[in-house]
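Each chain is listed here by its residues.
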Amino acid sequence: MHGYAKDKDAYLVRLRRIEGQVRGLQRMVAEDQYCIDVLTQVSAVTSALQSVALGLLEDHLGHCVAQAVSEGGPAAEEKVKEASAAIARLVKS
């Protein structure tokens, strides 16, 4: 079971909302909306995605990584490296 399983429905709702925001962005561009208005919406979508990513990361650390660390061994080291790489990707974005 994945760490986000207990919050899966909430994540899906948030992602559907973000999907709607992206469709709104497409519509704004198609309708030649003002650049700053489009950029404002891009920023909102970016923030919403970052919020989802941070929630998923927290769930991963609290469940998957914590479980692997409690079991120890090479799997624990791999989970920690995997989480570190995910954090690095988030920081770069």
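As the structure is a prediction and not an experimental result, all values here were calculated from the model. Residue numbers restart at each chain and count upward from 1, following the sequence in its written direction. A pLDDT threshold of at least 70 governs which residues receive local features in this predicted model, and a stricter bar of 80 or more applies before side-chain atom pairs are shown or counted, although totals over entire chains, interfaces and linings include all residues. Excluding hydrogens and water, the side-chain figures rest on all heavy atoms present in the structure.

### Considerations on the overall build of the protein
Turning to step 1, where the next piece is worked out: Within the protein, the regular secondary structure consists of three helices and zero strands.
Turning to step 2, where the next piece is worked out: Only runs of H or I of at least four residues qualify as helices and only runs of E of at least two qualify as strands under DSSP, and these elements are numbered from the N terminus. Put simply, the protein runs from its N terminus to its C terminus through helices and strands in the order α-α-α.
Turning to step 3, where the next piece is worked out: What you see for the protein is a C-alpha radius of gyration of 17 Å, clearly larger than the 12 Å of a compact globule of 93 residues, by over 25%.
Turning to step 4, where the next piece is worked out: Its C-alpha atoms give the protein principal-axis dimensions of about 55 × 30 × 15 Å. The globule rule used for comparison is 2.2 Å times the number of residues to the exponent 0.38, while the radius of gyration itself is calculated over C-alpha atoms.

### Here's the deal with the pattern of salt bridges
Turning to step 1, where the next piece is worked out: Throughout this description, the term salt bridge denotes a Lys or Arg side-chain nitrogen within 4 Å of a carboxyl oxygen of Asp or Glu. In the structure shown here, the tally under the stated rule is four salt bridges.
Turning to step 2, where the next piece is worked out: Measuring nitrogen to oxygen at the nearest pair gives 3.0 Å for the salt bridge that ties Asp 7 to Lys 6.
Turning to step 3, where the next piece is worked out: Classification of Asp 7 as partly exposed rests on a relative accessible area of 27%.
Turning to step 4, where the next piece is worked out: By relative accessible area, which is 66% here, Lys 6 ends up exposed.
Turning to step 5, where the next piece is worked out: Close ionic contact of Asp 59 with Lys 6 constitutes a salt bridge, the shortest N to O distance being 4.0 Å. Within this pair, whereas Asp 59 is found in helix 2 (residues 35-71), its partner Lys 6 is found in the segment before helix 1 (8-30), the two being separated by 53 residues in sequence.
Turning to step 6, where the next piece is worked out: Bridged by salt links that share partners, the residues Lys 6, Asp 7 and Asp 59 form one connected network. Exposed residues in this analysis have more than 50% of their type's maximum accessible area, buried residues have under 20%, and partly exposed residues fall in between, with area computed by a 1.4 Å probe over protein chains only.

### Thoughts on the packing of aromatic side chains
Turning to step 1, where the next piece is worked out: To pair, rings of Phe, Tyr and Trp, with the six-membered ring standing in for Trp, must have centres within 6.5 Å; the planes then decide the type, stacked if under 30 degrees apart, edge-to-face if over 60, and tilted in the middle. Tallied over the entire structure, the rule returns one aromatic pair.
Turning to step 2, where the next piece is worked out: Taking 6.5 Å as the distance between ring centres and 85° as the angle between the ring planes, the aromatic pair formed by Tyr 4 and Tyr 11 counts as edge-to-face.

### Some thoughts on unusual backbone geometry
Turning to step 1, where the next piece is worked out: Phi is positive for Asp 32, close to 55°, though the residue is something other than glycine.
Turning to step 2, where the next piece is worked out: On the secondary structure map, Asp 32 appears in the loop between helix 1 and helix 2.
Turning to step 3, where the next piece is worked out: A residue is classified by how much of its surface remains accessible, and Asp 32, at 69% relative accessible area, is exposed.

### Concerning the nonpolar core
Turning to step 1, where the next piece is worked out: The nonpolar core is taken to be a set of buried Ala, Val, Leu, Ile, Met, Phe, Trp, Tyr and Cys residues, with the residues joined through side-chain atoms within 4.5 Å. Among the nonpolar cores identified, the biggest contains eight residues, and these are Tyr 11, Ile 18, Leu 25, Met 28, Val 38, Val 45, Ala 48 and Val 52.
Turning to step 2, where the next piece is worked out: Secondary-structure elements contributing two or more residues to this core are helix 1 and helix 2.

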